[in-house]
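# Coordinate analysis (summary)
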Amino acid sequence: MCPKSILLLLFALTLVPVTWAQTKISGTLQCGKADPSYTIPVGDQPGHVFSIRKAKCTWIKAPEIAGMQAKDAEITGFGEFLGAGGQSRGASVSSLSNGDKFFGTHQGTMTRKEGLIEEGTWSITGGTGKLKGIKGKGTYKGKLGADDIGTMELEGEYQLPPTH
């Protein structure tokens, strides 16, 4: 093979798309009482409120990510209620057993029914250390009791960037 052919072959190989391996995950978070927690009535109609809250959570069924166990999380979110239902959005920071972190966002719907039921979608938006470049997505379902203690079940998948 002549040198020009080898260069052409090497160049062509750099154009081949890199495939990220997807890994399925699931887990359960237990979240304590929110601190801080604010609720602001809008005033235009009964039951129309905005809320913002931050809660510390522990993975009680911890997913394994990149060979490490998820340890704890902190979730900050806001919502808008109109009567018995509403919409929510938020962000989270989760830590792994080695100290690396991954970051996420979520959005969903809320229904007041024997406490508060929330369900929606989540995305992993990045991370630190071995999780740098991580991406992921999935669904969640959660319940917040009258005691302000919540449980959230998540499932989905994540991808780590390929290593060279």
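The coordinates are above.
These figures come from a predicted structure and were not determined experimentally.

## Let's talk about the packing of aromatic side chains
- Under the counting rule described, the total for this entry stands at 0 aromatic pairs.
- Taking NZ or CZ as reference, arginine 112 lies 3.9 Å from the ring centre of phenylalanine 81, over its face.

## So, the nonpolar core
- Core analysis: the largest hydrophobic core is formed by 21 residues, its most contacted members being Leu29 and Phe102.
- When contributions to this core are tallied by element, the ones reaching two or more residues are strand 1 (22-31), strand 3 (48-61), strand 5 (68-82), strand 8 (116-127) and strand 10 (150-159).
- By residue number, the principal contributor to this core is strand 5, which donates 4 residues.
- Those residues in contact with phenylalanine 102 that sit more than four places away from it in its chain are Trp59, Ile65, Ser92, Val93, Ser94, Leu96, Ile124, Gly126, Gly127, Leu131 and Ile134.

## Overview of the pattern of salt bridges
- Across all of its chains, the model carries 4 salt bridges by this definition.
- Its salt-bridge partner being glutamate 157, residue lysine 24 comes within 3.8 Å of it at the nearest N-O pair. Of this pair, lysine 24 sits in strand 1 while glutamate 157 sits in strand 10, and the two are 133 residues apart along the sequence.

## Quick notes on the state of the cysteines
- Scanning all chains against the criterion turns up 1 disulfide.
- Two residues, cysteine 31 and cysteine 57, share a disulfide whose sulfurs are 2.1 Å apart. With the S-S bond torsion at 105 degrees, the cross-link from cysteine 31 to cysteine 57 turns out right-handed. Taken as a pair, cysteine 31 in strand 1 and cysteine 57 in strand 3 lie far apart in primary sequence, 26 residues in all. In terms of burial, cysteine 31 and cysteine 57 fall into one category: buried.

Calculation criteria
- Residues numbered from 1 in each chain as written.
- Predicted model: local features only at pLDDT ≥ 70, side-chain atom pairs only at ≥ 80, totals over all residues.
- Heavy atoms only, no water.
- Phe/Tyr/Trp six-rings, centres within 6.5 Å; stacked < 30°, edge-to-face > 60°.
- Lys NZ or Arg CZ within 6 Å of the ring centre and 35° of its normal.
- Core = buried A, V, L, I, M, F, W, Y, C linked by side-chain atoms within 4.5 Å.
- Buried < 20%, exposed > 50% of the residue type's maximum accessible area, 1.4 Å probe, protein only.
- Helix = DSSP H or I, 4+ residues; strand = E, 2+ residues; numbered from the N terminus.
- Contact = heavy atoms within 4.5 Å.
- Salt bridge = Lys/Arg side-chain N within 4 Å of Asp/Glu carboxyl O.
- Disulfide = S-S within 2.5 Å.

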